[in-house]
Amino acid sequence: MLAYGIAADATDEYIKIGESTAIQSLKKICRAVVEIFSEQYLRSPNTNDVARLLHIGKRRGFPGMLGSLDCMHWKWKNCPTAWAGQYTGRSGSPTIILEAVADYDLWIWHAYFGLPGIAPLAHYVIQGKEYNMGYYLADGIYPKWSTLVQSIHDPRGPKKNYLQ
């Protein structure tokens, strides 16, 4: 149900268990994941994590970068008619957006529905100017906020002609 996004009653044909058993099993798995992994993985970054992310970002040429931000659109099949207009984009049908922040080794720090949050405090210097807030690397679809830095749209170099 988690992997394929199917309803509980759709599992009875494939794995031969009833809807209530499927829901009960899914709840047990979710509770186990939270209990086992919450201290290490299901948390916001602490001071040591931020320092490690800043060190790695600086070493890779991105001082102050905390991670990368990206999003995914899911078609909202049962969107209430009254809300359909505000959730409809280029696809022509209502969608829900999941945004996620991951660091260089794909550790997902945030996964949520809604607008980007506030970046943790981080101190670094670029070309003699001091900054006190980290940022997330994002593509061009995001607004120009101080916590979101868009990637370079016009790269320079010999590959430029081939990548246009």
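What you see is a predicted model, and the numbers here were worked out from it, not measured in a lab.

So, on to the overall build of the protein. In terms of regular secondary structure, the protein is built from 4 helices and 7 strands. By the burial criterion, 24% of the 164 residues in the protein qualify as buried. In the protein, 45% of the contacts between residues at least 6 apart in sequence involve partners at least 24 apart. Roughly 12600 Å² of accessible area belongs to the protein as shown, and the carbon and sulfur atoms make up 58% of that amount.

A word on the confidence of the model for the protein. Overall, the predicted model of the protein reaches an average pLDDT of 76, with 80% of residues at or above 70. In the model of the protein, strand β3 (residues 108–113) stands out as the element of lowest mean pLDDT, 65, in contrast to helix α2 (residues 19–37), which has the highest, 89.

Turning our eyes to something else, we now look at a negative patch on the surface. Taken together, the side chains of D9, D12, E13 and E19 present a region of like negative charge at the surface. Among the structural elements, E19 can be located in helix α2. E19 gets classed as partly exposed once you look at its relative accessible area, which sits at 44%.

On to the packing of aromatic side chains, then. Summed over all chains, the structure comprises 1 aromatic pair. Geometrically, the ring pair formed by W76 and W83 is tilted, given 6.1 Å between the ring centres and 55 degrees between the ring planes.

Scoring rules and cut-offs
Residues numbered from 1 in each chain as written. Predicted model: local features only at pLDDT ≥ 70, side-chain atom pairs only at ≥ 80, totals over all residues. Heavy atoms only, no water. Helix = DSSP H or I, 4+ residues; strand = E, 2+ residues; numbered from the N terminus. Buried < 20%, exposed > 50% of the residue type's maximum accessible area, 1.4 Å probe, protein only. Contact = heavy atoms within 4.5 Å. Areas by Shrake-Rupley, 256 points an atom, 1.4 Å probe, with all protein chains shown as cover. pLDDT = per-residue confidence, 0-100. Patch = residues over 30% accessible without salt bridge, like charges linked within 9 Å, V, L, I, M, F, W, Y side chains within 5 Å. Salt bridge = Lys/Arg side-chain N within 4 Å of Asp/Glu carboxyl O. Lys, Arg positive; Asp, Glu negative; His and termini not counted. Charge placed at Lys NZ, Arg CZ, Asp CG, Glu CD. Phe/Tyr/Trp six-rings, centres within 6.5 Å; stacked < 30°, edge-to-face > 60°.

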